[in-house]
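Descriptive structure summary
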Amino acid sequence: MITSQQLRAARALLGIDQKRLAALAGVSLPTIQRMETSDGQVRGVVETLVKVISALEREGIELIGENLPSPGGGRGVRLRQ
C-alpha cells in the first residue's frame, strides 16, 4: 500500500503536479486529489491504486514499505538512478 505522504513525496521528487500524475496513471484529477488528502494509507479501488503506483514506478519512483530494508526505517520514497 501507499500512504498519502508517500504519494505527495513521490510527485515532489518527480517535479510533477496532480494533473500530470492523473494523466500518467489514466485516472481523474479528483481521484488523485482524494488520494492525497486521505489520512494515512490511501484507500480506494485496488485497480486505481495499481494504476497510480505503476505510473510512479514507470517514472522512476521506488516505494519503500514500512517493513522493507532501509537505513532510516519507516516508509518512504526514492528516485531510482
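The chain has the name XRE family transcriptional regulator in an unreviewed UniProt entry, where Sphingomonas sanxanigenens DSM 19645 = NX02 is given as its organism.

**Observations regarding the confidence of the model for the chain**
Parts of the prediction with low pLDDT should not have their coordinates interpreted in detail. When pLDDT is averaged across the chain, the result is 87; 86% of the residues are at 70 or more. Mean pLDDT per element in the chain: strand 2 (residues 76-79) is the minimum at 76, and helix 2 (residues 18-25) is the maximum at 98.

**A word on helix 1 (residues 4-14)**
What sets the pattern is the α-helix's 3.6 residues per turn: residues three or four places apart point alike. Taken residue by residue, helix 1 has Ser4, Gln6, Leu7, Ala10 and Arg11 as its buried positions. Taken end-on, helix 1 shows its buried residues confined to a sector of 160°, consistent with a single buried face. Where helix 1 is buried, its residues meet helix 2, helix 3 (29-37), helix 4 (46-58), strand 1 (61-64) and strand 2. After helix 1 finishes, the residue Gly15 shows a positive phi value of roughly 70°.

Rules of the game
- Every chain begins its residue count from 1, and numbering advances along the sequence as written.
- Local features in this predicted model are restricted to residues of pLDDT 70 or higher, and side-chain atom pairs are both shown and tallied only at a pLDDT of 80 or more, whereas totals for entire chains, interfaces and linings draw on every residue.
- Water and hydrogen atoms were dropped before computing side-chain values, which therefore reflect all heavy atoms in the structure.
- pLDDT gives the predictor's per-residue confidence on a scale running from 0 to 100.
- Segments assigned H or I by DSSP are reported as helices when at least four residues long, segments assigned E as strands when at least two residues long, and all are numbered from the N terminus.
- Only protein chains enter the accessibility calculation, which uses a 1.4 Å probe. A residue is then buried if its area is under 20% of the maximum for its type, exposed if over 50%, and partly exposed in between.
- By definition, the arc is the one covered by directions from the helix axis to the C-beta atoms.
- Residue contacts are defined here by distance: any two heavy atoms, one from each residue, within 4.5 Å place the two residues in contact.

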